[in-house]
Amino acid sequence: MSVSLDELGEFLRQPVPRTVPDNIRRRRLSGFLGRGLSLFGWCFALFGLLFLVIFFPWRLPSELRLDLGAAQTAEGTVIASEKTNMSEGGHDGEHGTPVHRMTFEYPHPRQGKVKGVCYRTGSGEQVGKNVPVEFIEASPSACRIKGCRLNPFSYFSSFVAIFPIIGFGLVYFSWRARRRAVGLLRDGAFALGDVTEVKETNVTVNNKRRYRVTVSLNVDGQELSAGYHAYGEEVDLARAHMANGEKVGVLYDPYRPRNMLLAETLLGGK
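Attention in this report is confined to the structure presented alongside it. These figures come from a predicted structure and were not determined experimentally.

Thoughts on the sheet that holds strand β4 (residues 130-136)
Now for step 1: The five strands lie next to each other as β3-β2-β1-β4-β5, forming an open sheet whose pairing is antiparallel. At either end of the open sheet lies a strand with only one pairing partner, and these are β3 (112-121) and β5 (139-145). With direction set aside, neighbouring strand axes in the sheet form an average angle of 40 degrees.
Now for step 2: Two elements, strand β2 (residues 97-108) and β3, share 10 bridges in a ladder whose sense is antiparallel. Note that in β3 the partner of Met102 across the bridge is Cys118.
Now for step 3: The strands touched by helix α4 (residues 60-67) are β4 and β5; relative to β5, the strand with the most contacts, the crossing angle is about 70 degrees.

Here it is, written out as structure tokens:
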């Protein structure tokens, strides 16, 4: 949906907060960089969640309590030992050292026989073997064979949580950017100004070079100079206006002047 000059003029003459027509909203958000960022963020987050489910040490609190010396020791018995399909330390095409899962039981002072599961990289224990078991008396299920761990991988594998955090962080920043873009249409103040500088930066987003455009405005008798980031068509328009010394119509946030938009970039579209 295209935006005509008459439609844009009628929109800008509305009192704040304006009602934003669908064609102007779509024109503002068409090709908006935040959309690609959001898609990348969702993909990154979903892949990160998969790794989180597989590798995160979910029994980390109990593991730390045992590691920090709050454990008691009793003699237990191995009742099952098997090699998992997981391994550690593989590189350059090697499979790494297999991780074994061992099931055992031990006599708890108050709960009687308690069954537990633990893991170890390397060889497992022989079924029926007596082994020393570490346990937390107040939490009988927090137990492991001495020298083993509660989680398939060490607690350093908790770093995998950073992937969904980054992914959802990108989704959030994309959502916030789009929300600000629409909010500027609805609540932004309109003024005429002069483009005083169009400066290329060393940042590229989605294969588009980022520029910083500085605009000087006279707002209520005070000179206000603010800049915003521009890409592609916005850069060409800003350069043309600066070269010709023409006034430009801008929408800006009075509380955050850097949130600014050349009004004429809303024209056109399909």
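Some details on helix α1 (residues 5-12)
Now for step 1: If you check which residues of α1 are buried, you get Leu8, Gly9, Phe11 and Leu12. One side of α1 holds all its buried residues, which, seen down the axis, span an arc of 160 degrees. Projecting away from the buried face of α1 at angles above 90 degrees are the exposed residues Asp6 and Glu10.
Now for step 2: On its buried side, α1 packs onto α2 (22-29), α5 (162-187), β6 (189-205) and β9 (247-253).

Examining the nonpolar core
Now for step 1: If you look at the biggest cluster of nonpolar residues, it comprises 18 residues, and the most contacted ones within it are Val213, Val215, Leu217, Tyr228, Val250 and Met260.
Now for step 2: Contributing elements (two or more residues each) for this core: β6, β7 (208-219), β8 (222-230), α6 (233-244), β9 and β10 (256-262).
Now for step 3: Take this core: its biggest share by element is five residues, from β7.
Now for step 4: Ignoring sequence-local partners within four residues, the contact set of Tyr228 consists of Tyr211, Arg212, Val213, Val215, Glu234, Ala238, Arg258, Met260 and Leu262.
Now for step 5: Cys118, Val131, Val133 and Cys148 belong to the second-largest nonpolar core, a separate cluster that totals 13 residues.

Topic: the packing of aromatic side chains
Aromatic rings in a pair are described by how distant their centres are and how their planes are angled relative to each other.
Now for step 1: This structure, assessed with the given rule, holds 10 aromatic pairs.
Now for step 2: For the ring pair Trp42 and Phe168, a centre distance of 5.7 Å and an interplane angle of 90 degrees mean the geometry is edge-to-face. Here Trp42, found in helix α3 (residues 33-55), pairs with Phe168, found in helix α5; they are 126 residues apart in sequence, far enough to count as distant.
Now for step 3: With 5.9 Å between their ring centres and 15 degrees between their planes, Phe51 and Phe55 make a pair best called stacked. Highlighted residues: Phe51 and Phe55, both in helix α3, separated by four residues, approximately one helical turn.
Now for step 4: With relative accessibility at 28%, the residue Phe55 sits in the partly exposed group.
Now for step 5: Grouped by ring-pair contacts, the aromatic residues Phe40, Phe44, Phe159 and Phe163 constitute a single cluster.
Now for step 6: Over the face of the ring belonging to Phe11 we find Arg18, whose NZ or CZ atom lies 5.7 Å from the ring centre.

Cut-offs and rules
- Residues numbered from 1 in each chain as written.
- Predicted model: local features only at pLDDT ≥ 70, side-chain atom pairs only at ≥ 80, totals over all residues.
- Heavy atoms only, no water.
- Pairing = 2+ DSSP bridges.
- Helix = DSSP H or I, 4+ residues; strand = E, 2+ residues; numbered from the N terminus.
- Axes fitted to C-alpha atoms, helices over the stretch in contact; angles between N-to-C directions.
- Contact = heavy atoms within 4.5 Å.
- Buried < 20%, exposed > 50% of the residue type's maximum accessible area, 1.4 Å probe, protein only.
- Arc of directions from axis to C-beta.
- Core = buried A, V, L, I, M, F, W, Y, C linked by side-chain atoms within 4.5 Å.
- Phe/Tyr/Trp six-rings, centres within 6.5 Å; stacked < 30°, edge-to-face > 60°.
- Lys NZ or Arg CZ within 6 Å of the ring centre and 35° of its normal.

Distances and angles like these do not, on their own, reveal function.
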